[in-house]
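# What the coordinates show
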Amino acid sequence: EFVGSPKINAMPGVIREDLTISMHDDGRLTIAGVRRERLGEEYHRVERGHGHFSRTFHLPIPVDADRITADLHDGVLTVSCPKAPNGGGRRILIT
């Protein structure tokens, strides 16, 4: 069984190498990264800026940190957090 909805965030223009996902011992999941500026292209309007970003989610129950998975496909980051009797911190590999 999983905690909440697995689709966490839309990440258009972000590549896996520019993302870091961490699960902390106190039940926080942090997604951090950098959205790079597109050089050489001209726009009339830019909906999403560039630069560093970070977002932290407080998960309501402990999760099994060793079984957390993350997938980035077509600009959608999917993070699956299986429930566990106790939490633990680790960095999650993005596939």
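Being a predicted model, the structure only gives us computed values, none of them experimental. (Residues numbered from 1 in each chain as written. Predicted model: local features only at pLDDT ≥ 70, side-chain atom pairs only at ≥ 80, totals over all residues. Heavy atoms only, no water.)

Turning our attention to the overall build of the protein chain. Check the secondary structure of the protein chain and you find zero helices and seven strands. Taken from N to C terminus, the helices and strands of the protein chain fall in the order β-β-β-β-β-β-β. Looking at the protein chain as a whole, 34% of its 95 residues qualify as buried. Intrachain contacts of the protein chain at a sequence separation of at least 6 include 56% that bridge at least 24 residues. Surface accessibility of the protein chain: about 6500 Å² in total, with carbon and sulfur atoms responsible for 48%. (Helix = DSSP H or I, 4+ residues; strand = E, 2+ residues; numbered from the N terminus. Buried < 20%, exposed > 50% of the residue type's maximum accessible area, 1.4 Å probe, protein only. Contact = heavy atoms within 4.5 Å. Areas by Shrake-Rupley, 256 points an atom, 1.4 Å probe, with all protein chains shown as cover.)

This part is about the environment of Glu37. With respect to the helices, strands and loops of the structure, Glu37 is situated in the loop between strand E3 (28–35) and strand E4 (51–58). Residue Glu37 is classed as partly exposed on the basis of its relative accessible area, which comes to 49%.

Of the pairings in the sheet, the one linking strand E5 (residues 69–73) to strand E6 (residues 76–80) comprises five bridges and is antiparallel in character. When the sheet's bridge partners are listed, His73 is paired in E6 with Val76. As consecutive antiparallel partners, E5 and E6 are separated by two residues, and within that stretch Asp74 has a phi angle of approximately 55 degrees, a positive value. (Pairing = 2+ DSSP bridges.)

Attention now goes to the packing of aromatic side chains. Counted under the stated rule, the structure contains zero aromatic pairs. Lying across the ring of Phe53, Arg35 places its NZ or CZ 5.4 Å from the centre. (Phe/Tyr/Trp six-rings, centres within 6.5 Å; stacked < 30°, edge-to-face > 60°. Lys NZ or Arg CZ within 6 Å of the ring centre and 35° of its normal.)

Here the focus is the confidence of the model for the protein chain. In regions of low pLDDT, the predicted coordinates are not meant to be interpreted in detail. Mean pLDDT for the protein chain: 77, with 68% of residues reaching 70 or above. Least confident of the elements in the protein chain is strand E1 (residues 7–10), whose mean pLDDT is 59; most confident is strand E2 (residues 19–23), at 92. (pLDDT = per-residue confidence, 0-100.)

To continue, consider the environment of Phe53. Among the structural elements, Phe53 can be located in strand E4. Remark: the alpha-carbon pair of Phe53 and Ala32, spanning 21 residues in sequence, is separated by 5.6 Å.

Ile21, Met23, Leu29, Leu77 and Val79 are the most contacted members of the largest nonpolar core, which has 18 residues in total. Counting residues per element, the ones that place at least two in this core are E2, E3, E5 and E6. Residue contributions to this core peak at three residues, all from E2. What Leu29 contacts, discounting residues up to four positions off in sequence, is Ile21, Ser22, Met23, Arg55, Thr56, Phe57, Leu59, Val79, Cys81 and Ile92. (Core = buried A, V, L, I, M, F, W, Y, C linked by side-chain atoms within 4.5 Å.)

This part takes up unusual backbone geometry. Most peptide bonds take the trans form, and the phi angle of most residues other than glycine is negative. Phi is positive for Asp74, which is not a glycine, with a value near 55 degrees. Position of Asp74 among the secondary structure elements: in the loop between E5 and E6. Note on Asp74: relative accessible area 70%, which makes it exposed.

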